Structure formats: C-alpha cells, structure tokens
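Chain and residue survey
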Amino acid sequence: MAQDKQPTVIKKYANRRLYHTGTSTYVTLDDLAGMVKKGEDFVVFDAKTSEDITRSVLTQIIFEQEGKSGQNLLPITFLRQLIRYYGDSMQALVPSYLEHSLQMLTENQQKFRDQLTTTFGASPFGSAAFTAMEDQVQKNMIAFRDAVKMFSPFPIPATGEEGAPGAAKPADKDPGEIDELKRQLTEVQKRLDKLSG
C-alpha cells in the first residue's frame, strides 16, 4: 500500500526569508498561498530552533490576503466573535466546529456554485442559492448544538430557559458553579437560537 506523501518542509530564517526544501528555492507568502490553493501540504519550521511555526505562517497568509483590496473573506462580526471565544469555556469546541463547517462547505461547494450560476442572471444571491446557504447554516447550527450537548453536564432545554422540566441536576457540584454553568449554556442556547433564526 502506498504511503501518504509527506508534507513539504519550508524553513524560515532569521531574515524572515522562507526556504522551500523541495525545490531548493526561496519562496514568498504568496507562493505558499498558491501551494495551499493547489492542495499542496507543507509545514514550516524555524531554521534556528526547529520549532513548528506553520500555524503562525498560515495566519500571516490570511492576514495578507485580508489586506488585499476586495479579498475580504472574514466578516468583522466573525472576527470579533472569534476573539471573544479566546479564554471562554466554549474555546475547546470552536476549532472542531469551524473545521466541520468548512468541511461541509467544501463538500457542498459545487452544489453552491451550480445554484449561484443558475440564479446569477437575476442576482448573484438569488433565492435558490441563498436558500441553499441558509440550509447549510442550519445544518451547522444543529451539529454545533449536538456538540454542546455532548459536553454538557445536563440537557439543554429546547426553549432556552433554565428551569425547563426534566432538566437533570448534576451531582457533586457547587451550587454556584452549577448556576454559572447554566447561565453560560443558556447564553450559548440564546446565541444559537438567534443565529438559526
């Protein structure tokens, strides 16, 4: 059985230059962005410390792409909400949720493209394409709710109210801690309800 192709190693030097070990040439962040778009996998190491700095380099690429005129992909509200999640109790769920959402978008992108093409004559955001995107958002919200339920010590009430009948009471918890957990989950439920319309 053939082994998976190993990612290309990129070394970053103190002078901030990036060296592609596969082609033995220096590359730019734009070159790395091109590799990502082609589906080429790579890892970036600090040439001096051998520390894996792939995440920070990919973040730099996003920062540069966002800085280019007309290439804004991340809405300001999304960026603000993302910042709010740092240090929040939901922080651990966010990466897997975003990864799952992008995976779903990737799997369905051809369907979205076809629907946009079909409705493009009237408007780039025709009703069929908008409905498809809305459906995908709804599916993502359901997946996120399911993920929250898995990590919840008690069921999340459907109405978003704390005192819903049948809510389990976790044992061996400080009452103040339970109230805080209920408050946080209620807030999450309200946000999800607002997002899902």
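Residues numbered from 1 in each chain as written. Predicted model: local features only at pLDDT ≥ 70, side-chain atom pairs only at ≥ 80, totals over all residues. Heavy atoms only, no water.

**Overview of the packing of aromatic side chains**
Each aromatic ring pair is characterised by the separation of its centres together with the angle its planes make. To be explicit about the condition: Ring pairs shown here join Phe, Tyr and Trp side chains whose ring centres sit within 6.5 Å, with only the six-membered ring taken for Trp; geometry is labelled stacked below 30 degrees between planes, edge-to-face above 60, and tilted in between. Here the term buried applies to any residue with accessible area under 20% of the maximum for its type, exposed to any over 50%, and partly exposed to those in between, with areas from a 1.4 Å probe on protein chains only. Only when the NZ atom of a Lys or the CZ atom of an Arg is both within 6 Å of the ring centre and within 35 degrees of the ring normal do we say a charge sits over the ring.
On inspection of all chains with the given rule, the structure shows 2 aromatic pairs. Ring centres of Tyr-19 and Tyr-26 lie 5.3 Å apart, and the angle between their planes is 65°; this geometry places the pair in the edge-to-face category. Take Tyr-19: its relative accessible area is 21%, and that puts it in the partly exposed class. Aromatic rings pair up to connect Tyr-13, Tyr-19 and Tyr-26 into one cluster. The ring of Tyr-26 has Arg-17 sitting right over it, with the charged end atom 3.8 Å from the ring centre.

**Overview of the nonpolar core**
Put simply, the test is: Among buried residues, the Ala, Val, Leu, Ile, Met, Phe, Trp, Tyr and Cys ones that are joined through side-chain atoms within 4.5 Å form a nonpolar core. Under the scheme used here, helices are H or I runs from DSSP no shorter than 4 residues and strands are E runs no shorter than 2 residues, and both carry numbers assigned from the N terminus. We call two residues contacting when some pair of their heavy atoms lies within 4.5 Å.
Ile-10, Leu-18, Val-27, Leu-29, Leu-32, Ala-33, Met-35, Phe-42, Val-44, Ile-53, Val-57 and Ile-61 form the largest nonpolar core, which has 12 residues in total. When residues of this core are traced back to their parent elements, those giving at least two are α1 (29-37), β4 (42-46) and α2 (54-67). At 4 residues, α1 tops the list of elements feeding residues into this core. With sequence-adjacent residues up to four places away left out, Met-35 is seen in contact with Thr-8, His-20, Glu-40 and Phe-42. Residues Met-90, Tyr-97, Met-141 and Val-188 belong to the second largest nonpolar core, which totals 9 residues.

**Remarks on the UniProt feature "domain: PHB accumulation regulatory" (unreviewed entry) in the protein chain**
What counts here: UniProt positions are given in the numbering used here, feature names are shortened, and annotations may be inferred rather than shown by experiment.
Residues annotated in UniProt with the feature "domain: PHB accumulation regulatory" (unreviewed entry) correspond here to residues 74-113. Between the first and last C-alpha atoms of residues 74-113 the distance is 19 Å; the span itself is 78% helix and 0% strand.

**Remarks on the sheet that holds strand β3 (residues 25-27)**
Threshold: Pairing between two strands is assigned when DSSP locates at least 2 bridges connecting them. To obtain each axis, a line is fitted to C-alpha atoms, and for helices this fit is confined to the stretch in contact; angles are then taken between N-to-C directions over 0 to 180 degrees.
Taken in spatial order, the 4 strands line up as β3-β2-β1-β4 in an open sheet, and their pairing is mixed. With one partner strand each, in any of the chains shown, β3 and β4 form the two edges of the open sheet. Taken over all neighbouring pairs, the strand axes of this sheet differ in orientation by 35° on average, direction set aside. As defined by bridge partners, strand β2 (residues 18-20) adjoins β3 across 3 bridges and the pair is classed as antiparallel.

**Quick notes on α2**
Heads up, the rule is: By definition here, a helix of n residues has an expected span of 1.5 Å times n minus one.
Between the first and last C-alpha of α2 there are 20 Å, a value that for 14 residues agrees with the 20 Å anticipated at 1.5 Å per step. All buried positions along α2 are accounted for by Thr-54, Val-57, Ile-61, Gln-65 and Glu-66. On its buried face, α2 is in contact with α1 and β4.

**Examining the side chain of His-20**
Basically, it comes down to this: Under the rule applied, a polar contact is a pair of N or O atoms within 3.5 Å (in protein, one hydrogen donor and one hydrogen acceptor; residues adjacent in sequence only if both atoms are side-chain atoms).
In this fold, His-20 is placed in strand β2. With a relative accessible area of 8%, His-20 lands in the buried category. Here the side chain of His-20 touches Thr-23 through a polar contact of 3.0 Å, landing on its backbone nitrogen. Setting aside residues up to four positions removed in sequence, His-20 forms contacts with Thr-8, Val-9, Ile-10, Thr-25, Val-27 and Met-35.

**Some thoughts on the confidence of the model for the protein chain**
The predicted coordinates should not be examined in detail at positions where pLDDT is low. Selection rule: For every residue, the predictor states its confidence as a pLDDT score lying anywhere from 0 to 100.
Taken over all residues, the pLDDT of the protein chain has a mean of 78, while the share at 70 or more is 74%. Taken element by element, the protein chain is modelled with least confidence in helix α5 (residues 127-151), mean pLDDT 68, and with most confidence in β4, mean pLDDT 96. Under a pLDDT of 50 for its full length, residues 159-170 has, in the predicted model, 12 contacts with residues more than four places off or in other chains.

**What to know about the side chain of Thr-8**
With respect to the helices and strands, Thr-8 occurs in strand β1 (residues 8-12). Assessed through its relative accessible area of 17%, Thr-8 is described here as buried. Ignoring sequence-local partners within four residues, the contact set of Thr-8 consists of His-20, Gly-22, Met-35, Asp-41, Phe-42 and Val-43.

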